[in-house]
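Listed below are the residues making up each chain.
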Amino acid sequence: MIKRLISLAALIGGAIVAMASEAAWAEKRVALIVGNSSYQTVPQLANPSRDANAVARMFREAGFDSVEVQINVGNLEFKRAIRKFETSADQADIAVVYYAGHGLELAGTNYLIPIDARLASDRDADDEAILLERLVSSADGAKRLRLVILDACRDNPFVPTMRRERKLANRAVTSGLGRVEPTSTDTLIAYAAKAGSTADDGDGRHSPFTAAVLKNLTVPGLDVRLAFGRVRDEVLKTTGNRQEPFVYGSLGGGNISLVPAPAGAQDAPASDVKADYELVQKIGSRRAWEVFLGTHPTGFYADLARAQLENPSPAPPANMTVAALPPQGVPSSRESSSKEALEWDRLKDSTDPAALQRFIKRYPDSPLSITAQQRMDLLKKAAQEREDQARAAREAARKAAEEALRQAEQRKAELAAAKKREEDERRAREAEAAEKAKAAAAELAAAKKREEEERRAKAAEAEQKARAVEAERKAAEARQKADQAERDKAAAEAAALRAASEKQAREAEAARKKAEMAAAREAACKSEQTKLEEIIAKSTEGSGLEDLKSFSRTVSCDRLGPLVVASLDKFNAEVAKRAAALPNSPELLRAAQAQLIRLGCLTGKIDGTLNPTTRTALGRYLSIEGQPAENASVTEGLVAELAKHTTRVCPIECRSGETLKGEICVADEKPKASPAVAARTRNDEDDARSRRKQGGRQSDREQRAKTAQDAPRARQQAVARPSIVSGGRSGGGSAMIGVGF
């Protein structure tokens, strides 16, 4: 049963390969595969050489016209392989480059590392490593698709040991490769890990990235962008989201696959179509839907894709790539949920033939048994290959040892003969050297004698020349001194003439400037005098005084100074005179206060203000004169009227208990009391005297203060009284009688 299944699978695989080859006949496809594992100066990598051979086998089985494989290449071989591939790519429709090995980024430049590279410092990179740009540009000649696959982001052992010798602030060295945007159209660059990060080498026969590429890249009819989307999802799942492949670049519309779909091929499983639909739906661009329809032109999901094209959703960011999608949340339906599928998931990477044999025996009718049998065959073939390689290595080592022994014997005989020849040659050379030494000694003695004679002759000649040169030098110095004296004399005369001319010019210039300044000052004086005359003509009316003050601050003519000062004094006097004539002006108030004091109406001070005391005194006077006292103001007429009175106008007013006697207010006399009343009065006085004593000094001070206040008032009234008690208004004859006491 198993043999029939294996035979059937082989027939189906052969038919698919034959159909793919026939469909791809119209396009020429070429590939360059490079895998470097056996590094000479750092630890070796296990997987790159196996990965490269597996990828080369995949492209050959896919029907590529040319697959050039380079395993463990040095610097020169690497460059030659790139140069050779450029010629192949120039005449191809699809060109693919795959590289597995070490790579690094240095100051923004990406390098691929040959196995013989010696990177002691950052200065060595340009000579010891290969520029990534050169590898990418080698595929530029392809007409339809240029694809570069880089599994070179491994943790690089060169980085920690490299010296930083170039003094550039931005010359950083990183293990992973940096991002490279393709410069030509229809070009994709696929990284095993996102730019600047590192990728796992893996524990199996292939790295996680290469294993996913082998599984998905050459699916017939599958667009290369969708293929790398599947690669990304599988690597994320395998590495637990530690490693994320990334693709840079863009392609045109339509389906672009490395292997054309076979004619009359059956529809893909619905689970695969659904997974591709969900992937494209996340991208959301029109080009992505066109790629989907090119891969799956019919069916339910194709109709949904056409509906998306008719009603497009908002486009994703321009820098989104297929390989940058997040991992699918729903597992692929291709993985069966049956018991044998779960057990196969545990065994599919096993290298134990016995375990695989037990799986085949347990599930003989399962389709996975075919895969298990193929796995066993591969393991047996690999074991046989390892045994053949070991046998060949042992045979090569035995032959190499025999050859080394023979060559050692041959070298020993050659060394003995060479030693004898060298000894004979040495003796001959010594004899010849002795003869030459004697001849050289004689020649040296003769040469020394000739040199001594020539030296003496040269010394005599030099001494004679020196004397002639000295005499010529002294004569030249004398001529030079005479010439210098003549030049100095001429220079002094010229300087004197120049100084005299400059002095005359300066004096003339000073006179001219003085005249100009005098003329300017005279013009300014005339202008300012005209302005002053205009201001004086305006007099103090309006803004005349302010204009004159402003003019006095800006006047520059000296002779107008006294006239300006005199005009200011005159204007100020006129303004003051007008201000003094105004009603209630300080000058009129002071004159009125003096007259009111003289007429006995005011007892306050003369302060030039219309204070309440002055208003009261003015009201008394106006009332006595029979004039209205409300809203009274002091004018020149009022002051003149006050000055006409020669006697007191306002009578003296005595307080209660006082009587006017002459021009003085005196206290009234009290009537005498009876003896009893007098006794009571004396007792009351004694009691009052005791209370006053107990009141202390404060009452005495208050009494003295009151007495002191009354005395000046009496003196002031006495002084204010005129010598004549009676008087008349405006010279009238009516008499005024004071109140007695």
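Parameters at a glance
- Residues numbered from 1 in each chain as written.
- Predicted model: local features only at pLDDT ≥ 70, side-chain atom pairs only at ≥ 80, totals over all residues.
- Heavy atoms only, no water.
- Salt bridge = Lys/Arg side-chain N within 4 Å of Asp/Glu carboxyl O.
- Helix = DSSP H or I, 4+ residues; strand = E, 2+ residues; numbered from the N terminus.
- Buried < 20%, exposed > 50% of the residue type's maximum accessible area, 1.4 Å probe, protein only.
- Polar contact = N/O pair within 3.5 Å; in protein donor to acceptor, adjacent residues only side chain to side chain.
- Contact = heavy atoms within 4.5 Å.
- Axes fitted to C-alpha atoms, helices over the stretch in contact; angles between N-to-C directions.
- Parallel < 35°, antiparallel > 145°, perpendicular 65-115°, else oblique.
- Left-handed = near helix turned anticlockwise from the far one by under 90°.
- Nonpolar A, V, L, I, M, F, W, Y, C, P; charged D, E, K, R; others polar.
- Pairing = 2+ DSSP bridges.
- Right-handed = clockwise from strand over helix to strand, strands pointing away.
- Disulfide = S-S within 2.5 Å.
- Core = buried A, V, L, I, M, F, W, Y, C linked by side-chain atoms within 4.5 Å.
- Arc of directions from axis to C-beta.

## Side note on the pattern of salt bridges
- In this structure the tally under the stated criterion is 32 salt bridges.
- When the shortest N-O distance is used, the salt bridge between Glu-432 and Lys-436 registers 3.0 Å. Taken as a pair, Glu-432 and Lys-436 lie in helix α14 (residues 367–538) at a separation of 4 residues, close to a single helical turn.
- Linking Glu-477 and Arg-473 is a salt bridge whose minimum nitrogen-to-oxygen distance equals 2.3 Å. Highlighted residues: Glu-477 and Arg-473, both in helix α14, separated by 4 residues, approximately one helical turn.
- For Glu-477, a relative accessible area of 34% puts it in the partly exposed group.
- Overall, the relative accessible area of 36% leaves Arg-473 in the partly exposed class.
- Salt bridges sharing partners connect three or more residues here, namely Glu-387, Asp-388, Arg-391 and Arg-394.

## Description of the side chain of Thr-187
- The residue Thr-187 is located in strand β9 (residues 187–191) in this model.
- At 3.1 Å, the side chain of Thr-187 forms a polar contact with the side chain of Arg-146.
- Once residues lying within four places of it in the same chain are set aside, the contact partners of Thr-187 are Arg-146, Pro-182, Tyr-248, Gly-249, Ser-250 and Leu-251.

## Quick look at the packing of helix α13 (residues 353–362) against α14
- Where α13 meets α14, the axes come as close as 9 Å, and the angle between the chain directions of the two elements is 155 degrees. Here α13 is positioned roughly antiparallel relative to α14, judged by the angle of their axes. When you trace α13 past α14, the crossing you get is left-handed. Judged by residue contacts, Pro-353, Leu-356, Gln-357, Phe-359 and Ile-360 of α13 engage Leu-368, Ser-369, Ala-372, Gln-373, Arg-375, Met-376 and Leu-379 from α14.
- For the contact of α13 with α14, the per-class residue count stands at 8 nonpolar, 3 polar and 1 charged.

## Here we look at the pairing of strand β1 (residues 29–35)
- Burial of β1 is extensive: 7 of the 7 residues sit out of reach of the surface.
- Side chains of β1 alternate between two faces, with Arg-29, Ala-31, Ile-33 and Gly-35 and Val-30, Leu-32 and Val-34 buried alike.
- The sheet contact formed by β1 and strand β3 (residues 94–100) spans 7 bridges and is parallel. Within β3, the residue paired with Ile-33 across the bridge is Tyr-98.
- At this point the chain moves from β1, through helix α2 (residues 48–61), to the parallel strand β2 (residues 66–71), and the crossover so formed is right-handed.

## A few points about the state of the cysteines
- Counted according to the given criterion, the structure contains 2 disulfides.
- Through a disulfide, Cys-525 is tied to Cys-557; the S-S separation comes to 1.9 Å. Across the S-S bond of Cys-525 and Cys-557 the torsion is about 100 degrees, and the bridge reads as right-handed. Of the two residues, Cys-525 is situated in helix α14 and Cys-557 in the loop between α15 (544–554) and α16 (561–580); the sequence distance between them amounts to 32 residues.
- A relative accessible area of 8% places Cys-525 in the buried class.

## Some thoughts on the nonpolar core
- With 52 residues, the main nonpolar core has Ile-33, Phe-59, Val-96, Leu-217, Phe-228 and Leu-258 as its most contacted residues.
- When residues of this core are assigned to their parent elements, the largest contribution, 6 residues, is made by helix α8 (residues 224–238).
- The residues touching Ile-33, leaving out its near neighbours within four places in the chain, are Ala-52, Val-55, Ala-56, Phe-59, Val-67, Glu-68, Val-69, Gln-70 and Tyr-98.

## Points about helix α12 (residues 339–347)
- Buried within α12 we find Ala-341, Glu-343, Trp-344 and Leu-347. Looking straight down α12, one finds that the buried residues subtend no more than 165 degrees of arc, so they occupy a single side. For α12, the exposed residues set more than 90 degrees away from the buried face come down to Lys-339 and Arg-346.
- The elements touched by buried residues of α12 are α13 and α14.

Function cannot be inferred from these measures alone, as they are strictly geometric.
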